[in-house]
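Listed here are the chains, written in short residue letters.
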Amino acid sequence: MTVPTLTYFNGRGKAEIIRLILTYLKIEFKDERLTAGVPEELRARLPYAQVPLYQDGEITLAQSAAISRYIANKHNFAGANAVEKALVDAVVDSVADVIAPFRAATDDAAKLKYKNETLPKFVGRWEANLKANGGQYFVGSGYTWGDLCIYYGLFFLHSSGLAEELKQFPTLSAFYTAIESIPQIAAYLQARPVTAF
Ligand SMILES: N[C@@H](CCC(=O)N[C@@H](CS)C(=O)NCC(=O)O)C(=O)O
């Protein structure tokens, strides 16, 4: 059996959620990190002229969300049925609603508005939704890739100076700690290279 290869830069960026999914599922993969840009030979093979690229023998796939969803579907990590899959997709899509306005808030007034209004509005919904499903998983009765996407969104906020604001959400805080305590995730986080992005 061939080991899949994930090609990206030496950073978390658009590849980290894929790495987290593969790690959670205990799928061995080659974590190919480009350190000198995209070689021309590779660029010619990129379906959308961008990385990440995922190759696992049966498929060569670009677009980070498509790669994540493909792996999740293949390994029963996308939801137990059509309804759960749709709910998981909604969880996944909600992450962009939290992160995009953070990136767009570049001056002090916008950053303050983000911290006092946008974050509580959207992250408050995460807290309520998680609590309504029992507090451990966002959808159904086990982890899905949607949970890892929310974890990674929370990681982004934590590492962007908003850790204090997140303390007002106890269910999410416990969820965050629980994900980081999953043995293979904990080992991965400890070994993960420290990168600029
Ligand atoms: N929608 C794509 C975006 C991928 C993307 O923006 N890739 C950037 C790096 S984060 C890239 O390949 N940049 C190098 C280039 O365009 O030459 C995805 O989610 O995979």
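Reference entry: report on the structure contained in this document. (Residues numbered from 1 in each chain as written. Predicted model: local features only at pLDDT ≥ 70, side-chain atom pairs only at ≥ 80, totals over all residues. Heavy atoms only, no water.)

### Structural notes on the overall build of the protein
Working step 1: Across its full length, the protein carries eight helices and four strands.
Working step 2: Going residue by residue from the N terminus, the α and β elements of the protein occur as β-α-β-α-β-β-α-α-α-α-α-α.
Working step 3: Here the C-alpha radius of gyration of the protein, 17 Å, is about what a compact globule of 197 residues would show, namely 16 Å.
Working step 4: Across its three principal directions, the C-alpha atoms of the protein cover 45 × 40 × 30 Å.
Working step 5: Expressed as a percentage of the 197 residues in the protein, the buried residues total 46%.
Working step 6: By sequence separation, contacts in the protein at least 24 residues apart represent 67% of the contacts at least 6 residues apart.
Working step 7: A total of about 10,300 Å² of accessible surface is found on the protein, and carbon and sulfur atoms cover 55% of it.
Working step 8: Averaging the locations of the 20 positively and 20 negatively charged side chains of the protein gives two centres separated by 1 Å. (Helix = DSSP H or I, 4+ residues; strand = E, 2+ residues; numbered from the N terminus. Rg over C-alpha atoms; globule rule 2.2 N^0.38 Å. Buried < 20%, exposed > 50% of the residue type's maximum accessible area, 1.4 Å probe, protein only. Contact = heavy atoms within 4.5 Å. Areas by Shrake-Rupley, 256 points an atom, 1.4 Å probe, with all protein chains shown as cover. Lys, Arg positive; Asp, Glu negative; His and termini not counted. Charge placed at Lys NZ, Arg CZ, Asp CG, Glu CD.)

### So, the packing of aromatic side chains
Working step 1: Tallied over the full model, the rule gives nine aromatic pairs.
Working step 2: Ring centres of Tyr 24 and Phe 77 lie 4.8 Å apart, and the angle between their planes is 10°; on these two criteria the pair is classed as stacked. Pair noted here: Tyr 24 is in helix H1 (residues 16-24) and Phe 77 is in the loop between helix H3 (64-74) and helix H4 (82-104), with a separation of 53 residues, a long-range link.
Working step 3: The exposure class assigned to Phe 77 is buried, which follows from its relative accessible area of 3%.
Working step 4: Each ring, one from Phe 102 and one from Phe 156, has its centre 5.4 Å from the other, and the planes form 90°; the classification is edge-to-face. Residue Phe 102 is found in helix H4, and its partner Phe 156 is found in helix H6 (residues 145-166); the two are separated by 54 residues along the sequence.
Working step 5: An aromatic cluster of three or more residues is present, and its members are Tyr 24, Phe 77, Tyr 137 and Tyr 143.
Working step 6: Above the face of the Phe 155 ring, Arg 192 is positioned so that its terminal group lies 4.9 Å from the ring centre. (Phe/Tyr/Trp six-rings, centres within 6.5 Å; stacked < 30°, edge-to-face > 60°. Lys NZ or Arg CZ within 6 Å of the ring centre and 35° of its normal.)

### So, helix H5 (residues 108-132)
Working step 1: With 25 residues, H5 extends 35 Å between its outermost C-alpha atoms, agreeing within 8% with the 36 Å of an ideal straight helix rising 1.5 Å per residue.
Working step 2: The largest bend in H5 is about 40°, located at Tyr 114.
Working step 3: On its buried face, H5 sits against H4, H6 and helix H7 (170-181).
Working step 4: At the N-terminal end of H5, a side-chain oxygen is found 3.1 Å from the backbone nitrogen of Ala 109, two or three residues along, and the residue is Asp 107.
Working step 5: Phi turns positive one or two residues past the end of H5, at Gly 134, with a value near 105°. (Expected span 1.5 Å × (residues − 1). Bend = angle between axes of the 7 residues up to and from the residue. Polar contact = N/O pair within 3.5 Å; in protein donor to acceptor, adjacent residues only side chain to side chain.)

### Structural notes on the pairing of strand S2 (residues 30-34)
Working step 1: Of the strand pairs in this sheet, strand S1 (residues 5-9) and S2 are connected by five bridges, and their pairing is parallel. Note on S2: the bridge partner recorded for Leu 6 is Asp 31.
Working step 2: In the classification by handedness, the crossover that spans S1, the intervening H1 and the parallel S2 is right-handed. (Pairing = 2+ DSSP bridges. Right-handed = clockwise from strand over helix to strand, strands pointing away.)

### Focus on the packing of H1 against H6
Working step 1: It is the contact of H1 with H6, at a shortest axis distance of 10 Å, that shows an interaxial angle of 130°. Comparing their axes, H6 and H1 come out oblique. When you trace H1 past H6, the crossing you get is right-handed. Of the residues in H6, those in contact with Glu 16, Ile 17, Leu 20, Ile 21 and Tyr 24 of H1 are Trp 145, Leu 148, Cys 149, Tyr 151 and Tyr 152.
Working step 2: Looking at the contact of H1 with H6 residue by residue, the classes come out as nine nonpolar, no polar and one charged. (Axes fitted to C-alpha atoms, helices over the stretch in contact; angles between N-to-C directions. Parallel < 35°, antiparallel > 145°, perpendicular 65-115°, else oblique. Left-handed = near helix turned anticlockwise from the far one by under 90°. Nonpolar A, V, L, I, M, F, W, Y, C, P; charged D, E, K, R; others polar.)

### Points about the environment of Ser 141
Working step 1: Structurally, the position occupied by Ser 141 is in the loop between H5 and H6.
Working step 2: Taking relative accessible area as the criterion, Ser 141 reaches 72% and is therefore assigned exposed.
Working step 3: Residues Ser 141 and Pro 120, 21 residues apart in the sequence, show an inter-C-alpha distance of 26 Å.

### Regarding the site of the ligand
Working step 1: As a matter of local geometry, the ligand sits amid Tyr 8, Phe 9, Lys 14, Arg 43, Ala 49, Gln 50, Val 51, Pro 52, Gln 63 and Ser 64.
Working step 2: Within the contact set of the ligand, an oxygen atom lies 2.6 Å away from a side-chain nitrogen or oxygen of Ser 64.
Working step 3: Protein contacts shield 67% of the accessible area of the ligand, which totals 510 Å² for the unbound molecule.
Working step 4: Residues belonging to the shell around the ligand are distributed by class as follows: five nonpolar, three polar and two charged. (Near = heavy atom within 4 Å.)

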